[in-house]
Amino acid sequence: MTTHNNIHIPKESFPFWIWHAIEFFVVMLISVLTANEITKAMSIEVGESVNNWIFWSIIGGIFFSWYVLIRRFFVGKKFI
């Protein structure tokens, strides 16, 4: 019985960087939706610029916690 070397192996044929892009956009989507809901729930009437700082600080905090804390220490993968 003979074997053929034309079998599709996804790990070798699928570009590796696409997994990083998918992960980035999923984390971005979750962080933007979470920050939007938190700033709506807080409903602080201190001004648009302060609300923008709060919004982007929440997004930055989620990114930091995912890529530095969770992904590195709990999942065990380094970012790049």
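Report follows, based on the coordinates. (Residues numbered from 1 in each chain as written. Predicted model: local features only at pLDDT ≥ 70, side-chain atom pairs only at ≥ 80, totals over all residues. Heavy atoms only, no water.)

## Observations concerning the overall build of the chain
Then comes step 1: Looking only at helices and strands, one finds three helices and zero strands in the chain.
Then comes step 2: When the helices and strands of the chain are listed from N to C terminus, the series reads α-α-α.
Then comes step 3: Out of the 80 residues in the chain, the part that is buried amounts to 14%.
Then comes step 4: Put simply, 47% of the contacts in the chain that link residues at least 6 apart link residues at least 24 apart. (Helix = DSSP H or I, 4+ residues; strand = E, 2+ residues; numbered from the N terminus. Buried < 20%, exposed > 50% of the residue type's maximum accessible area, 1.4 Å probe, protein only. Contact = heavy atoms within 4.5 Å.)

## Considering the packing of aromatic side chains
Then comes step 1: Tallying each qualifying case throughout the model produces four aromatic pairs.
Then comes step 2: Taking the centre distance of 5.2 Å and the plane angle of 75 degrees together, the rings of F24 and F25 count as edge-to-face.
Then comes step 3: Judged by relative accessible area, which is 34%, F24 ranks as partly exposed.
Then comes step 4: Their ring planes at 85 degrees and their centres at 5.3 Å tell us that F55 and W56 sit as a pair that is edge-to-face.
Then comes step 5: With relative accessibility at 17%, the residue F55 sits in the buried group.
Then comes step 6: Members of the aromatic cluster, each reached through a chain of ring pairs, are F24, F25, F63 and Y67. (Phe/Tyr/Trp six-rings, centres within 6.5 Å; stacked < 30°, edge-to-face > 60°.)

## Focus on helix α2 (residues 17-42)
Then comes step 1: Between its terminal C-alpha atoms α2 stretches 37 Å, which fits the 38 Å expected from 26 residues at 1.5 Å a residue.
Then comes step 2: Within the span of α2, buried status applies to E23, V27, S31, A35 and T39.
Then comes step 3: Just beyond α2, the residue with positive phi is S43, at close to 40 degrees. (Expected span 1.5 Å × (residues − 1).)

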